[in-house]
Amino acid sequence: MKRIFLLLLALLPLLVGAQHTMFRPAQEWTDTEGRHINAHGGCLLQVGDTWYWYGEHRPYRGFTTEQGVVAYRSHDLMNWTPCGVVLAVSEAAGSPIERGCIMERPKVVFNASTGKYVMLFHLELKGRGYAAAQVGFAVSDSPTGPFTFLRALRPNAGRWPTEMRQKDIEVAQQQDGGDCECEWWTPAWRKAVRRGMFTARDHEGGQMSRDMTVFIDDDGKAYHITSSEENLTLHLNELTDDYLDFTGRYHRIAAGGQNEAPTLLKRNGTYWLICSGCTGWNPNEARMFSAQDLWGDWKQHPTPCRGEHAKTTFGGQGTYIFRMPDGRHVFMADVWNPRHLSESRHIWLPITFEDDGTPVVTWQDEWK
C-alpha cells in the first residue's frame, strides 16, 4: 500500500495538469497545476525557445487589483506553467499601485539597446474609479521579474497631436468650455469631440489613457496605442528609445469613434488595427482600421470576425495580436465574466488573410 501511495503521489502533478494538445477557444484552460489561467488583458513575449504570457490577476469577487500582474511560461503555447506575480501591488498607503488600485492591460516588451524588459499598463488610482486614466511604467532585468514600478502619468502633457495645425488648435480650444457647452451625445457634442474638445481640456495635465497595447515596428521604434478622450478617440503615442517615457509625439485615430481594446499588427507594409466598441463588460462587434503609415490616414473596414457570434466577437474582447516565428498571427481576446473576473476565459484564434491582405478571424471550436 505504501508503494501504491508513493506512486500515486508521484503521478499527481501529471494527473492534475493534464497536457493540452489543441486550442479550444472560450473553454476552460488550465495551467500545469490544474488551475484556470488567471492572466487577462495581457500579451505574449518570446524569449529564446520560451513564451511568456503576462496578464491581470483578477479577483474572484470585485474589480480592483489585489495581487498585481502575473506571468506564465510555455514552450508550446498550449501548456502554461505559472511564474507567479511579476509586478506586485504595493502595501504603502498612497502609492500609485497601492493594493486596491486597478491595473489593466499589461504589455511587456524587450528593449534590445538597454537589455531591459519594460512593462506598460493602464493604471487607475485606489478609490478613484476610472478617473485617473494613467499609464504605469515598470522595468526588470528578467522576463519573470520582479518588475520595479517606476512611475505613472498621463501621456503628452502640454503637447498637441501631430496632425493639428495652429488653426486646428484654436478650434479645439474653442470647443473646450467655450463655443461648445452642448449636451453630451448630441450631434453638436460629437462634432466638438472630433474637433478636439477633450484634447484641449486635457492639454496641460496630459491625455487620458485606458485600454492600451504596445507595438514595436520593424525599426525597433515602440508605440503605445490607447483609448483616450473619455474612450472616444484612440491615441498613437511614440515612446522614447528606452521605452520608458513618451517623446511627446502623438496622433489621434478615429476621433469620436468610441473605440477601446486596441490590438495592432503589420503585414506587407500595412498596419491593421483591430479594436472594440465601448459597451462595458458586454461584448460587441470588433472594428478594424488600416493605414500605410502609422501617422497617416486610417481607413475603417468591416469587422474581421467570421462565423457564429461574429457580431459579438465570439463573446470576447481583443487584448493582443502576437506573431509566430513562422509569420502567422494569432488574435487574443478575453471572455469577461464580471461576476467572477478570475474565471474569465480566453479566446485565441489564428488570423488568415484574404487575397487583398485583409485580416480575417474565423471561429474554430478547436485548432492546432
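Here, every reference points to the structure presented above.
Described in the following lines is the structure provided in the data block. Since the structure is predicted, the reported quantities are computational estimates derived from the model, not experimental observations.

### Looking at the overall build of the protein
Counting its regular elements, the protein contains four helices and 21 strands. C-alpha extents for the protein along the principal axes are approximately 85 × 55 × 40 Å. Per-residue burial over the protein gives 54% buried out of 368 residues. Accessible surface, the protein as shown: approximately 16600 Å² in total, 51% of it carbon and sulfur. On the protein, the mean spot of the 38 positive side-chain charges and the mean spot of the 44 negative ones are 3 Å from each other.

### Let's talk about the packing of aromatic side chains
If you walk through the whole model with that rule in mind, you get 26 aromatic pairs. By way of ring pairs, the aromatic residues F23, W29, W51, W53, Y72, W80, F322, W348 and W367 are connected into one cluster. Looking at R151, its charged tip hangs above the ring of F137, at a distance of 5.2 Å from the centre. Positioned above the aromatic ring of F353, the side-chain terminus of R267 is 4.0 Å from the ring centre.

### Focus: the pattern of salt bridges
The final tally for this structure, using the stated rule, is 24 salt bridges. Linking R35 and E33 is a salt bridge whose minimum nitrogen-to-oxygen distance equals 2.3 Å. We note a salt bridge from R151 to D245, for which the minimum N-O separation is 3.8 Å. In this pair, R151 sits in strand β8 (residues 148-153) while D245 sits in the loop between β11 (233-239) and β12 (246-253), placing the two residues 94 residues apart along the sequence. Relative accessible area serves as the criterion here: at 31%, R151 is assigned to the partly exposed category. Residues joined by salt bridges that share partners form a network here, namely E124, R154, R201, D202, R210 and E230.

### Some thoughts on the nonpolar core
Of all hydrophobic cores here, the largest spans 56 residues; its most connected members are W53, W80, F322 and W348. If near-sequence neighbours (up to four positions away) are discounted, W53 is found in contact with W29, I37, A39, C43, L44, V70, A71, Y72, W80, M332, H346 and W348. Counting residues in hydrophobic clusters, the runner-up holds 15 residues, among them I225, Y271, A291 and W295.

### Here's the deal with the environment of M197
Residue placement: M197 occurs in helix α4 (residues 197-201). Classification of M197 as buried rests on a relative accessible area of 9%.

### Regarding the sheet that holds strand β3 (residues 68-74)
Taken in spatial order, the four strands make up an open sheet running β1-β2-β3-β4, and their pairing is antiparallel. In this open sheet, the two strands that pair with only one neighbour each are β1 (40-47) and β4 (81-88). Averaged over all neighbouring strand pairs, the angle between strand axes comes to 25°, with direction disregarded. Taken together, the six bridges between β1 and strand β2 (residues 50-56) define a ladder with antiparallel strand orientation. Among the inter-strand pairings, C43 is bridged to a residue of β2, identified as Y54.

### Topic: the sheet that holds strand β19 (residues 329-335)
Judged by pairing direction, the sheet is mixed, and its five strands sit side by side in the order β17-β21-β20-β19-β18 without closing on themselves. At either end of the open sheet lies a strand with only one pairing partner, and these are β17 (305-306) and β18 (317-323).

### Re the pairing of strand β15 (residues 287-291)
Burial of β15 is extensive: four of the five residues sit out of reach of the surface. Across five bridges, strand β14 (residues 270-276) lies against β15 in antiparallel orientation. In the sheet register, C275 faces β15, and the bridge partner there is R287. Pairing of β15 with strand β16 (residues 299-301) involves three bridges; the strand directions are antiparallel. In the strand pairing of β16, S290 is matched with K299.

### Here we look at the environment of H57
Relative to the helices and strands, H57 resides in the loop between β2 and β3. Separated by 230 residues in sequence, H57 and R287 place their C-alpha atoms 27 Å apart. Those residues in contact with H57, other than ones at most four positions away along the chain, are N38, Q67, G68 and V70.

### Concerning the pairing of strand β6 (residues 116-124)
Buried residues dominate β6, accounting for eight of its nine residues. In terms of strand pairing, strand β5 (residues 102-111) meets β6 through eight bridges, oriented antiparallel. Each bridged residue has a counterpart across the sheet, and for V109 the counterpart in β6 is V118. As consecutive antiparallel partners, β5 and β6 are separated by four residues, and within that stretch G115 has a phi angle of approximately 75°, a positive value. In this structure, β6 lies alongside strand β7 (residues 134-140), joined through seven bridges in antiparallel fashion. Paired with F121 across the bridge in β7 is G136.

Rules and cut-offs
- Residues numbered from 1 in each chain as written.
- Predicted model: local features only at pLDDT ≥ 70, side-chain atom pairs only at ≥ 80, totals over all residues.
- Heavy atoms only, no water.
- Helix = DSSP H or I, 4+ residues; strand = E, 2+ residues; numbered from the N terminus.
- Buried < 20%, exposed > 50% of the residue type's maximum accessible area, 1.4 Å probe, protein only.
- Areas by Shrake-Rupley, 256 points an atom, 1.4 Å probe, with all protein chains shown as cover.
- Lys, Arg positive; Asp, Glu negative; His and termini not counted.
- Charge placed at Lys NZ, Arg CZ, Asp CG, Glu CD.
- Phe/Tyr/Trp six-rings, centres within 6.5 Å; stacked < 30°, edge-to-face > 60°.
- Lys NZ or Arg CZ within 6 Å of the ring centre and 35° of its normal.
- Salt bridge = Lys/Arg side-chain N within 4 Å of Asp/Glu carboxyl O.
- Core = buried A, V, L, I, M, F, W, Y, C linked by side-chain atoms within 4.5 Å.
- Contact = heavy atoms within 4.5 Å.
- Pairing = 2+ DSSP bridges.
- Axes fitted to C-alpha atoms, helices over the stretch in contact; angles between N-to-C directions.

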